[in-house]
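Summary of the model geometry
Below are the chains, spelled out letter by letter.
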Protein chains: 2
Amino acid sequence: MSRMPTVKDVAEHAGVSVGTVSRVLSGEAAVKTMLREKVNDAISALGYRPNVTARALRTSRTDVIGLIVPDITNPFFAQLAASVERAALERGHSLMLASSHDDRGAEQSHVLAFLDRSVRGIIVVASSDGPGLHLETAVPVISLDRRFGAFPLVSTNHAQAAALMADHLYELGHRHIAYIAGPPDTEAGRMRKEGFVGRIDRCGKKGEPVELELAYGKFDYESGERIARDLLSRPPQDRPTAIAAASDQQAIGALRAARDLKIDVPRKLSVTGFDDISLANLVVPRLTTIRQPADTLARRAVALLLEEPPGKADEMIDGSLIVRGSSGPRAQPKAVAGHKN
Amino acid sequence: MSRMPTVKDVAEHAGVSVGTVSRVLSGEAAVKTMLREKVNDAISALGYRPNVTARALRTSRTDVIGLIVPDITNPFFAQLAASVERAALERGHSLMLASSHDDRGAEQSHVLAFLDRSVRGIIVVASSDGPGLHLETAVPVISLDRRFGAFPLVSTNHAQAAALMADHLYELGHRHIAYIAGPPDTEAGRMRKEGFVGRIDRCGKKGEPVELELAYGKFDYESGERIARDLLSRPPQDRPTAIAAASDQQAIGALRAARDLKIDVPRKLSVTGFDDISLANLVVPRLTTIRQPADTLARRAVALLLEEPPGKADEMIDGSLIVRGSSGPRAQPKAVAGHKN
DNA sequence: CTGAAAGCGCTTACAG
DNA sequence: CTGAAAGCGCTTACAG
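Residues numbered from 1 in each chain as written. Chains lettered and ligands numbered in written order. Predicted model: local features only at pLDDT ≥ 70, side-chain atom pairs only at ≥ 80, totals over all residues. Heavy atoms only, no water.

Re the environment of B:P50
All names here are of chain B. Threshold: Helix numbers and strand numbers start at the N terminus; a helix is a DSSP run of H or I with at least 4 residues, a strand a run of E with at least 2. Each residue gets one of three labels from its accessible area relative to the maximum for its type: buried under 20%, exposed over 50%, partly exposed in between, using a 1.4 Å probe on protein chains only.
Summarising the element assignment, P50 is placed in the loop between α3 (33-46) and α4 (52-59). P50 sits in the partly exposed class, given a relative accessible area of 26%. Each C-alpha atom of the pair P50 and L25 lies 8.5 Å from the other, and the pair is 25 residues apart in sequence.

Points about the sheet that holds strand β7 (residues 211-216) of chain A
Strand pairing within a sheet occurs via backbone hydrogen bonds; the two strands may be parallel or antiparallel. Residues and elements named next belong to chain A. What counts is decided by this rule: The pairing criterion is simple: DSSP has to find at least two bridges between the two strands. For every element, the axis is a line fit to its C-alpha atoms; helices are fit only across the contacting stretch, and the angle between N-to-C directions ranges from 0 to 180 degrees. Any two residues whose heavy atoms approach within 4.5 Å are treated as being in contact.
The 4 strands are arranged β7-β6-β8-β9 in an open sheet whose pairing can be described as parallel. With partners counted over all chains shown, the strands left at the sheet margins are β7 and β9 (270-272), one partner each. Direction aside, neighbouring strands of the sheet carry axes that sit 15 degrees apart on average. On the sheet, helix α7 (residues 158-171) packs against β6 (176-181), β8 (242-245) and β9 and is oriented at approximately 170 degrees with respect to β9.

Here's the deal with the relation of the copies chain B and chain A
Applying a rotation about an axis and a shift along it to one chain copy brings it onto the other copy. Threshold: When the copies are overlaid, the least-squares fit takes in C-alpha atoms only where the residue has pLDDT of at least 70 in both copies.
Taken as rigid bodies, chain B and chain A are interconverted by a rotation of 180 degrees and an axial shift of 0.0 Å, the fit giving an RMSD of 0.1 Å. Here the transformation between the copies is reduced to the relation of a two-fold axis. Among all C-alpha atoms of chain B, that of B:M96 lies closest to the rotation axis, at 2.1 Å. The overlap is high: 100% of the interface residues of chain B also sit at the interface in chain A, so the same surface is used on both sides.

Some remarks on the protein's contact with DNA strand C
Selection rule: In this text, near means that some heavy atom of the residue lies within 4 Å of the molecule or strand in question. Any pair of nitrogen or oxygen atoms within 3.5 Å is treated as a polar contact; in protein, a donor-acceptor pairing is required on top of that, and neighbouring residues in sequence qualify only through side-chain atoms on both sides. For this classification, Asp, Glu, Lys and Arg are treated as charged, while Ala, Val, Leu, Ile, Met, Phe, Trp, Tyr, Cys and Pro are nonpolar and the rest, including Gly, are polar.
Contacts to DNA strand C come from 23 residues, most closely from A:T20, A:R23, B:S22, B:R55 and B:R58. The sugar-phosphate backbone supplies 67% of the atoms of DNA strand C found within 4 Å of the protein. Here a phosphate oxygen of DNA strand C sits 2.4 Å away from a polar atom, N or O, in the side chain of A:T20. Take B:A54: an N or O atom from its main chain is 3.4 Å from a base nitrogen of DNA strand C. Put simply, the parts of the chain that give the surface near DNA strand C at least two residues each are α2 (18-26) and α4 (52-59) of chain A together with α2 (18-26) and α4 of chain B. Sort the elements by how many residues they give to the surface near DNA strand C and α4(B) lands first, with 4 residues. Class assignment for the residues of the surface near DNA strand C results in 9 nonpolar, 7 polar and 7 charged.

Some words on the protein's contact with DNA strand D
In the neighbourhood of DNA strand D, 22 residues make up the surrounding shell, with A:S22, A:R55, A:R58, B:T20 and B:R23 lying closest. When atoms of DNA strand D within 4 Å of the protein are sorted by moiety, sugar and phosphate together comprise 67%. Here A:S22 contributes a side-chain N or O atom positioned 2.6 Å from a phosphate oxygen of DNA strand D. One of the side-chain nitrogen or oxygen atoms of B:S17 is found 3.0 Å away from a phosphate oxygen of DNA strand D. Elements that contribute at least two residues to the surface near DNA strand D include exactly α2 and α4 of chain A together with α2 and α4 of chain B. A total of 4 residues in the surface near DNA strand D trace back to one element, the largest contributor, which is α4(A). Residue composition of the surface near DNA strand D, by class: 9 nonpolar, 7 polar and 6 charged.

Thoughts on unusual backbone geometry
With an omega dihedral of -10 degrees, the bond running from A:V284 to A:P285 counts as a cis peptide bond. Relative to the assigned elements, A:P285 resides in the loop between β9 and β10 (289-291). Here B:V265 and B:P266 are connected by a cis peptide whose omega angle stands at 10 degrees. When you line up the elements, B:P266 lands in the loop between α10 (248-260) and β9 (270-272). Residues other than glycine seldom take positive phi values, yet A:D275 does so here, at roughly 135 degrees. Along the chain, A:D275 falls in the loop between β9 and β10. In this structure, A:D276 is a non-glycine residue whose phi angle is positive, near 60 degrees. If you trace the backbone, A:D276 turns up in the loop between β9 and β10.

A word on the sheet that holds strand β3 (residues 121-124) of chain A
The strand order across the open sheet built from 12 strands is β11(A)-β5(A)-β4(A)-β3(A)-β1(A)-β2(A)-β2(B)-β1(B)-β3(B)-β4(B)-β5(B)-β11(B), with neighbouring strands paired in mixed fashion. Two strands close off the open sheet at either side, each with one partner strand: β11 (315-317) of chain A together with β11 (315-317) of chain B. Averaged over all adjacent pairs, the angle separating strand axes in this sheet is 20 degrees, with direction ignored. Pairing of strand β3 (residues 121-124) of chain B with strand β4 (residues 141-144) of chain B, which is carried by 3 bridges, proceeds in the parallel orientation.

As for the packing of aromatic side chains
Counted only if it meets this: Ring pairs shown here join Phe, Tyr and Trp side chains whose ring centres sit within 6.5 Å, with only the six-membered ring taken for Trp; geometry is labelled stacked below 30 degrees between planes, edge-to-face above 60, and tilted in between. Note on criteria: charge over ring means Lys NZ or Arg CZ within 6 Å of the ring centre, with the direction from the centre no more than 35 degrees off the ring normal.
Tallying each qualifying case throughout the model produces 6 aromatic pairs over all chains. Plain terms: the ring middles of A:Y179 and A:F196 are 4.6 Å apart, the flat faces sit at 25 degrees to each other, and that makes the pair stacked. Here A:Y179 is found in strand β6, whereas its partner A:F196 is found in helix α8 (residues 187-206), with 17 residues between them in sequence. The pair A:Y179 / A:F196 is uniform in exposure class, with both members buried. Measuring from centroid to centroid gives 6.1 Å for B:F76 and B:F77, while their planes differ by 50 degrees, and the two rings are tilted. Assigned by exposure class, B:F76 and B:F77 land together as buried. Note that A:R192 overlies the ring of A:F274, its terminal NZ or CZ placed 4.0 Å from the centroid. Lying across the ring of B:Y170, B:R175 places its NZ or CZ 3.7 Å from the centre.

Remarks on the interface of chain B and chain A
Going by this rule: Two parts placed together each lose some accessible area under a 1.4 Å probe, and the buried area is that loss summed for both. Any Lys or Arg side-chain nitrogen located within 4 Å of an Asp or Glu carboxyl oxygen qualifies as a salt bridge.
In this complex, chain B contributes 40 residues to the contact, which on the side of chain A involves 41 residues. The contact between chain B and chain A buries some 3,800 Å² in all, and 57% of this surface belongs to carbon and sulfur atoms. Where chain B packs against chain A, one counts 4 salt bridges. B:D116 is paired through a salt bridge with A:R49; the nearest N and O atoms lie 2.6 Å apart. Run the count over chain B and chain A and you get 14 residue pairs in polar contact (both at pLDDT 80 or more). Those elements that provide at least two residues to the side of chain B that touches chain A are α4, α5 (75-90), β2 (94-99), α6 (104-116), α9 (221-232) and α10 of chain B. By residue class, the composition of the side of chain B that touches chain A is 20 nonpolar, 9 polar and 11 charged. Of the pairings in the sheet, the one linking strand β2 (residues 94-99) of chain A to β2(B) comprises 3 bridges and is antiparallel in character. Considered in β2(B), the bridge of A:M96 is made with B:M96.

Here we look at the domain arrangement of chain A
Residue and element names in this part refer to chain A. Keep this limit in mind: Domain delimitation in this document rests on an assignment produced automatically or drawn from a domain database.
With domains assigned, chain A is organised as domain 1 (7-50), domain 2 (64-156 + 294-317) and domain 3 (158-292). Taken over C-alpha atoms, the centre of domain 2 sits 29 Å from the centre of domain 3. Contacts between the two partners involve 15 residues from domain 2, matched on the other side by 16 residues from domain 3. In total, about 1,300 Å² of surface goes out of reach between domain 2 and domain 3, with carbon and sulfur atoms giving 45% of it. Summed over the shared surface of domain 2 and domain 3, the result is 1 salt bridge. Remark: the boundary between domain 2 and domain 3 carries 5 residue pairs in polar contact (both at pLDDT 80 or more). Elements with a contribution of two residues or more to the side of domain 2 that touches domain 3: α5 (75-90), β5 (153-156) and α11 (294-306). Considered class by class, the residues forming the side of domain 2 that touches domain 3 number 5 nonpolar, 6 polar and 4 charged.

In structure tokens, the structure reads:
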């Protein structure tokens, strides 16, 4: 026959009812060995593949996981998407991808579109936080990396990870540090900043005082470059000796600004990032950063989604410090102007 | 009611039959204005959204486009994926994404999985070419960027674009050039190489002779870095004065090798890429490269897929030369050893 | 343990 | 132009 074989064809070929075929397919219900074998033989003889659409209509459930990211061309989100796809595949699910372009409206309409398709669950890396839609839905939703609405969040422990970097810089002797923060309307931006600032404050109180400057930008290259350029355009004695950025992209932008201004990294200036995108290991000098465990994050997000009932509690996963060439000891001691926050 | 409203609910609310509701929904068939309005009122009153799964089962057609890329963390593929998603969205379709990890088996099983889901069409950026499965399928398949099986290909005119770069380098006075090619088992790798080599040969015959060296690698950073390091480890007079790479990633790797070896780009060495990923404009120095028109490629691929009947002919779209800081005039004339291919 | 049958929510010939 | 009805390919109570 030229059309695709159906359960009915399999049933006829095996001499059983379609119900039995379905039960064999599901693997759940008990079917006598002999019938089971007949059915399996028929399945391979006919090259039968279940029609997932029919199954979905009947059960209102699919094996598709919807993923919404702000921008797939952002290397960290691309990595996250790759990890989510792998994690989904491992558990027999496929991935439907949508980009919100940092637009709340697009985000919401993608959620609705996924719901229309009876996806098994939705993972969203939110564009920015805020009221967040309070859709109560039969379909589980998990926030990944950046909180979406009120849904449970799987993320790196941004504060803990950022504190690691603060310690690193303090230990290297830096006492005038600039922190390039991410957008304050993102939880990740806020947590990283608080983790970093909090730890520097603590270091400053227990040890030598630290002058800390704060600037806010987006998570992108341009923000990092622009802010670093401002910071570094001052006379050398007024410049920070270290710039810690809230993302690798910002840090790479900062690296470029330093390069343009002929400021030697790491001898005159340390620059650090956050994420450990693959590029971090390829820029010159290689970037000291915080590694976000993308695979683990993705796997946990998928696991929470698929649990019965779906996970409800946030999960924080520790990040780790990766020391490379862009951070080093402060060149020479300088007078410290005092502690500013 | 708490369950989702169906056509039946809409029909009752509007006092018509479900067939009429369906006809209004499809917009195709002629329905008298009065009934149409009643139906539309009922739709908004109930907040009705069509069940796409039921529709798919009935018509064995969905509005999902399947996209398979070798690796979503490759910046060029990420850009392509973003463009495909946008193009799909513009035409009312969603995107299902899968990564093949450059594995033919995975690629094939993703195709099958998409087919199982009755996708509207499949776009594949092939892992590498070869026999290619000859599935005849009701579902249209289009190759994007790299040919998949025997399916129509939408791609940059790799040869034309690479020739642009050959001209650029020749005009800058380079007479000893190394070309880092992509994998010869990819059409893109071969076409770019042939376009470049062919044009250099032509320049060499019509003008001054050019010594051209060829090396093959993958399209990734590591290949570029490794090959460039080999090339540049020779005594200065034996080194090429320009390295043209088959991808931006390779070129960025080459940039790093040059930096490590303290070879000034572009004063002592020109380095060029291919793709114009966003990173190309952020490395130091900014990369001279070929821009692949990702948006246009994506839009054409989606258009071919959605045509009735689906497009059957390959489409080549011209790339363009983007001159930035990594290429410059050859520093000083040197003896030319002759022309080698 | 197995079969017969209902039904998921649509679309679309078929009549009228 | 509109309605009644069949049917897409499954799954799952319901009987037995």
